[in-house]
Amino acid sequence: MLHGLEKLSLERRALLTGGVALGAGLLLPGRLSAQPLAGFTHGVASGEPGARSMLFWTRFVAPRATPLKLEVATDPRMSRIVARAETVADPANDGCAKVSVSGLEPGRLHYYRFTAPGEGRRGGASSMVGRTKTLPEGGVAMARLAVFSCSNLPYGWFNAYGHAVADDQFDLVVHLGDYLYEYARGKYPSAAETVAGRTINPAGEIVSLSDYHARYASYRADPDLQALHARYPTVTIWDDHESANDTWKGGAENHDPKTQGPWDVRLANATKAHRDWLPISNAPYASYDIGALATLFRLDTRTEGRDRQIELEEVIKAGPDVATALARVRDTTWQAGNRALISPAQDEWLAAGLKASTARGARWQLLAQQVVMGRVNTPLNAMQWAGLNPDKRVASFIGAGVAAAKAGLPMNLDAWDGYPAAKARVLYAAQDANANLVVLSGDSHNAWAFDLDCCGRTSGVEFAGSSVTSPGFEWALRAAPPADVAAGLIAASPQLKWCDTSRRGYMAVMLTQDRASCEWRWSADVRSRNAALAGTSRASVAAGTNRLQLG
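The notes below deal with the structure included here.

Cut-offs used in this document
Residues numbered from 1 in each chain as written. Predicted model: local features only at pLDDT ≥ 70, side-chain atom pairs only at ≥ 80, totals over all residues. Heavy atoms only, no water. Helix = DSSP H or I, 4+ residues; strand = E, 2+ residues; numbered from the N terminus. Buried < 20%, exposed > 50% of the residue type's maximum accessible area, 1.4 Å probe, protein only. Contact = heavy atoms within 4.5 Å. Areas by Shrake-Rupley, 256 points an atom, 1.4 Å probe, with all protein chains shown as cover. Lys, Arg positive; Asp, Glu negative; His and termini not counted. Charge placed at Lys NZ, Arg CZ, Asp CG, Glu CD. Polar contact = N/O pair within 3.5 Å; in protein donor to acceptor, adjacent residues only side chain to side chain. Axes fitted to C-alpha atoms, helices over the stretch in contact; angles between N-to-C directions. Parallel < 35°, antiparallel > 145°, perpendicular 65-115°, else oblique. Left-handed = near helix turned anticlockwise from the far one by under 90°. Nonpolar A, V, L, I, M, F, W, Y, C, P; charged D, E, K, R; others polar.

So, the overall build of the protein
Each helix and strand in the protein was counted, giving 13 helices and 23 strands. For the protein, the spread of C-alpha atoms along the three principal axes comes to 80 × 55 × 45 Å. Counting the 551 residues in the protein, one finds 60% classified as buried. For the protein, long-range pairs separated by at least 24 residues make up 74% of all intrachain contacts whose partners lie at least 6 apart in sequence. Taken as a whole, the protein presents about 20,400 Å² of accessible surface, with 53% of it coming from carbon and sulfur. The protein carries 58 positive and 54 negative side-chain charges, and their two centres are separated by 4 Å.

Side note on the side chain of Arg504
Secondary-structure assignment places Arg504 in the loop between β19 (496-500) and β20 (505-512). A distance of 2.5 Å separates a polar side-chain atom of Arg504 from the backbone oxygen of His445. A polar contact of 2.8 Å, which involves the side chain of Arg504, links it to the side chain of Glu474.

A word on the environment of Val265
Structurally, the position occupied by Val265 is in helix α6 (residues 263-277). Taking the C-alpha atoms as reference, Val265 lies 9.0 Å from Val207; in sequence the two are 58 residues apart.

Digging into the packing of helix α9 (residues 344-359) against helix α11 (residues 420-432)
The relative placement of two packed helices comes down to the angle between their axes together with the axis-to-axis distance. Where α9 contacts α11, the axes come no closer than 8 Å and their chain directions differ by 20 degrees. With respect to α11, the element α9 is oriented roughly parallel. α9 and α11 meet at a crossing whose hand is right-handed. On the side of α9, the interface is formed by Asp347, Leu350, Ala351, Leu354 and Lys355, while α11 contributes Arg425, Val426, Ala429, Ala430 and Asp432. Here the contact of α9 with α11 is built from residues that sort into six nonpolar, no polar and four charged.

Dropping the structure here:
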């Protein structure tokens, strides 16, 4: 997440709670849905959408591998079957089963269910009926996407998911990562901050394959998340917390090989569980054509090619003084031309894909990826946000950001800002393809809108979403009015045109031939289950301009 802020909150929680964790508890009906212990336990889902294909998912728990049949129909009564397929729910995959189906009709709703074998007049068990929608072909007047990120279950209810389900108007759901969190109970959030009825399993930090499987089962017990998957097709991207905080290709901040074993073993466990529990392919990156309207590119900025993040704390400790240390890393590691956030292969694939998208006449090129791309600078007067008697760790966090800003370094070195050469390669590729680039970002727990530039030329815009439940700047900067924080960040950051650092929710993105629009939808208090909205904010970009318009 926003580099340093989460670590800060974890350290402060340890002081406030004395390390006390929640006791073991069962999932309670009416809070998290009580799941069956056998049979179809976690609903259905669909993903990896194409114009004529879809990947379908379910979970069936049994002592041994169980063959399942899938039926796909064009009506909710399942009377007009258009496709059938078979798969196996295997205990080796935690009972999860997936199967891809082709030959579907473009741009229309489909309904589906799985059945298990059985004996007697009534036969075997059936799953719930899910609904999905294939991508369109040819001319498309409009497409609507619901975009989510950072859903930490113990922090509250997934009201953003509930609102998107009730809205019932989206063509596609995109989750930009931090679908779940790896921490032990009582760590993030603390025991005192954990919302009643939002207990996660297992109790400890997840490291083994069985740990990761159990955490997915715990999250997928949420009724709003189950409903979201059953209602819409999804494109799901993982960020760091699906494995461990601040992941890079060789490790993670929240991984200790001495006590948790080799990183590659933990990453393999996280990868398998992620692929088992979600309707996703094994490809680390992919693209999806939304007719002639848009191409959506799904990137992996975490494990596929990322070099290790610059840690300001380490840099400053290396001395001999703060200014010299920061200048040294600015002029060496930070500016290194070969420093990567995505691999050279992914860079080449994306550049070719952007050109292919514009060549076929697609109006919009969307990058769905994890971390914020626009540059954010810490204001030089940001220390006033800490208040008169600041927490020492909050003051230290802000002080490091101010020192970085004085040295010409941006605020968040875990995002694209920490990899300026990598960012320039992507933005130059968009310019070279003459793209109408719209970047969709998550990770930071706050909401942002940027004009993106490279080499003195416009490159695109960015819509960055707030979290579903995870806290943003408002948690650490409790003495500062959010409006003051936003105004200070915008004044210090020329690319940043708008931000919100205090509310939870999701993005509703609408595409037409003329305009790409984003509506940030703000959830009601996530400490209670309530799908009503508490407000909205809007921005858009006209095709061919690569410049935001607010409101």
